[in-house]
Structures are given as C-alpha cells and as structure tokens.
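Structural description and commentary
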Amino acid sequence: MMEYTGDEIIEYRGYKITGGKNRVIVENVNDFNPLHIFECGQCFRWLSQPDGSYTGVAKGRAINVSYNDGKLELYNTSIEEFKTLWFDYFDLGRDYSLVKEKVMKDEVMKEAVSFGSGIRLLKQDIWETLISFIISANNRIPMIMKTVNAISEAYGKEIEMDEKKYYAFPGFGELSRSTIGKLELCRGGFRCKYILGTSKMIDEGEMNLDRLASMDTKDAREYLKRFPGVGPKVADCTLLYSGTKYDVFPTDVWVKRLMEELYFKRETGFAEIQSFARDYFGEYAGFAQQYLFYYARENKIGVR
C-alpha cells in the first residue's frame, strides 16, 4: 500500500481517517482481509486486481479497496462517503474479536475462524442481495457474477472510475418494466421469471422490503418466501448479507453435507441443522455459517 498524506485527518468511531485526492485511509482496522471478505460467497460485484486490491460496485459507487497492516485504503471516495456509506457497508462498527470469541465453541470452529480470520459480513443493499441470491439458485459463483453484472450493464446507471465504465445495480422499477425475453439475454435462465415477478411485486406495492428490519427472523423469512424463486436458503442469505438478521444459518445441500461431516457424523435433515445452529450459535449463527462455509469450501469439505 502506498504512503499517502491527505488533506484532512479526523478521528471517527475509534478510527483515524486520512482523506484527500479521492482517497481515504482508515487506520487501526482489525479482522479485515479483502480476499476473505470478497471471496467467501456473500457478494458478486467485486473483482481482484493484480496488486491484491479489489474493485467493486456497491451503493451506486465504483470503489477500489486494499488493506495492509491495519490500514484500509479506499480509492474513489471521500471521508464523508466513508462515514455515510462505507463504515456501515464494511461493518466497521462491530468488534469481530468478540464475534470470534462467541462462535469458537469447539475445535471445528476454532479452525474455521483461523482460516477465514479476515471475514466481515457486508451490509449490502437488500434489493440487490435478494435478486443476486435468486440468481444463485442451482448456479456457480462465476455465472452468478456474470449475470448480475450483465443485468447491471443492461439496466443500471453508468458510473466512471479512472475513465473506465462500471454499472450500478438497477432498481426494481427498471427491472419490473423489462420482459423475460430481455432478461434472458443476461443469462439468468429459468430465474428470469422470478426476477421479473419479484420486481413487479415490489414495484406495484404488493411487497415492501423496508418492513423486514422490524420483523422477527421467522416472520422475515416467511415474508421473503412469498417472492417467486425464494426458498429458505435464499431468504436467509438475503437477510444475512444485507445485515438485516444475523441469527440465520443459510443451508443448502452442500452446507448440509459439511455439517454432517464436521458435526453430526451421520446423515441428517435441514430442520435438524437449523435447530442445532439456532441453539448452538444463537444470535451469532450467521457469522458461524460464513466462517464454516468459507473454510469448508476452500478445503473441499463435504464434497461428494
């Protein structure tokens, strides 16, 4: 990371912030590894760069992120945007040493946390998160990323950074006015009818994502399941990766297998896994799932 002296230095929420010339440096940042954060399966708009940084589109902005030795560097932003957007987006108000302490209840979790020690759960836009995880159904991460990016290019607002074009994720209004045929050009496959149906339900006032934060977790999950193409796993991913609820444990067939291998040592069902996670990890279930997911995926645990 380059040394940089900015135009303004402030203290904010326990961090020393240096900003100027379209760059912000945040000091004293712990438990932050861009590789772990952007490659753990929670987001689809971030790409690694040759220098080890990541460039992505979030909150209607294009931004480059790098980290080294406690210093988080954000390029193409300002101190004011850091305070209003990126502080919450990167969950910098949370003490992850406490999170780790709460979830490291056994040797499996100690290993998983050590492996993914730099994971932070992003607080992403809930609308984009919902559509992204509808697209994720029976899909691989590279294809999800391509489809989300294609939808953004086709329907989203153009953004520039260093004379390169990026595209913000479109709102539900833009997508609701599309057609299945046009959406299929973005290679969403059978999910296109779900994307269009979900967009129309929100655009026409039948559903309101703003209501989720005030619901308890069970009701929020059931509410999301009213959207086409949304089952328990997509609902839980939407709640977790938007920062709406943290006591969920997204479970698909692969997570079921890894839990059978790491914990149950026998075949089990989705309901038993959900009950176990709820009782064992409590309000930190979502964090535990992310550490386990990343650890198991990278080490091919649960693969058959």
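Note: the structure precedes this text.
Residues numbered from 1 in each chain as written. Predicted model: local features only at pLDDT ≥ 70, side-chain atom pairs only at ≥ 80, totals over all residues. Heavy atoms only, no water.

1. A short note on unusual backbone geometry
Unusually for a residue other than glycine, Asp162 sits at a positive phi of about 55°. Phi angles above zero are rare outside glycine, and Glu163 is one such case at about 65°. Take Glu163: it is sitting in the loop between strand S8 (158-161) and strand S9 (164-167). (Helix = DSSP H or I, 4+ residues; strand = E, 2+ residues; numbered from the N terminus.)

2. Section: the packing of aromatic side chains
Using the criterion set out here, one finds 32 aromatic pairs in the structure. Ring geometry for Tyr246 versus Phe287: centroids 5.0 Å apart, planes at 10°, classification stacked. Note that Tyr246 is positioned in the loop between helix H11 (232-241) and helix H12 (253-264) and Phe287 in helix H14 (residues 285-298), a separation of 41 residues in sequence. Its relative accessible area of 14% is what places Tyr246 among the buried residues. Overall, Phe287 belongs to the buried group, its relative accessible area being 3%. Look at Phe249 and Phe281: their rings are 6.4 Å apart centre to centre, the planes differ by 5°, and that puts the pair in the stacked class. (Phe/Tyr/Trp six-rings, centres within 6.5 Å; stacked < 30°, edge-to-face > 60°. Buried < 20%, exposed > 50% of the residue type's maximum accessible area, 1.4 Å probe, protein only.)

3. Some words on the packing of helix H5 (residues 126-135) against helix H9 (residues 192-203)
At their nearest, the axes of H5 and H9 sit 10 Å apart, and the two run at 155° to each other. By the angle between their directions, the pair H5 and H9 is classed as roughly antiparallel. Two packed elements cross with a definite hand, and for H5 against H9 that hand is right-handed. Only Tyr194, Ile195, Thr198, Ser199 and Ile202 of H9 make contact with H5, whose side of the interface consists of Trp127, Leu130, Ile131, Ile134 and Ile135. A class-by-class count of the residues in the contact of H5 with H9 yields 8 nonpolar, 2 polar and no charged. (Axes fitted to C-alpha atoms, helices over the stretch in contact; angles between N-to-C directions. Parallel < 35°, antiparallel > 145°, perpendicular 65-115°, else oblique. Left-handed = near helix turned anticlockwise from the far one by under 90°. Contact = heavy atoms within 4.5 Å. Nonpolar A, V, L, I, M, F, W, Y, C, P; charged D, E, K, R; others polar.)

4. Overview of the layout of surface pockets
Of the volumes computed, that of the largest pocket is approximately 640 Å³. Forming the walls of the largest pocket are 27 residues, and the residues nearest its centre are Ser136, Asn139, Lys233, Asp252 and Phe293. Those elements that place two or more of their residues in the lining of the largest pocket are helix H6 (141-155), H11, H12 and H14. In terms of residues, the lining of the largest pocket owes the most to one element, H11, which gives 5 residues. Looking at the lining of the largest pocket, its residues break down into 15 nonpolar, 8 polar and 4 charged. Roughly 340 Å³ of internal volume is contained in the second largest pocket. Considering the residues around the second largest pocket, the lining is formed by 14 residues, among which Arg45, Leu47, Val57, Asn149 and Tyr166 are closest to the centre. Contributions of two or more residues to the lining of the second largest pocket are made by strand S5 (54-58), H6 and S9. The element best represented in the lining of the second largest pocket is S9, accounting for 4 residues. Each residue belonging to the lining of the second largest pocket can be placed in one class, and the counts come to 6 nonpolar, 4 polar and 4 charged. (1 Å grid on protein atoms, 1.4 Å probe; cavity = no way out; pocket = protein on both sides within 12 Å on 5 of 7 lines; lining within 4 Å. Points joined across faces, edges and corners; volume = space filled by probe spheres on them.)

5. Quick look at H5
Burial analysis of H5 places 10 of its 10 residues in the buried class, the great majority of the element. Ile126, Trp127, Glu128, Thr129, Leu130, Ile131, Ser132, Phe133, Ile134 and Ile135 are the residues of H5 that are buried. Looking at the buried side of H5, the elements it contacts are H6, helix H7 (172-176), H9, helix H10 (217-224) and H11. Its side-chain oxygen placed 3.2 Å from the backbone nitrogen of Trp127, Asp125 serves as the N-cap of H5. (Polar contact = N/O pair within 3.5 Å; in protein donor to acceptor, adjacent residues only side chain to side chain.)

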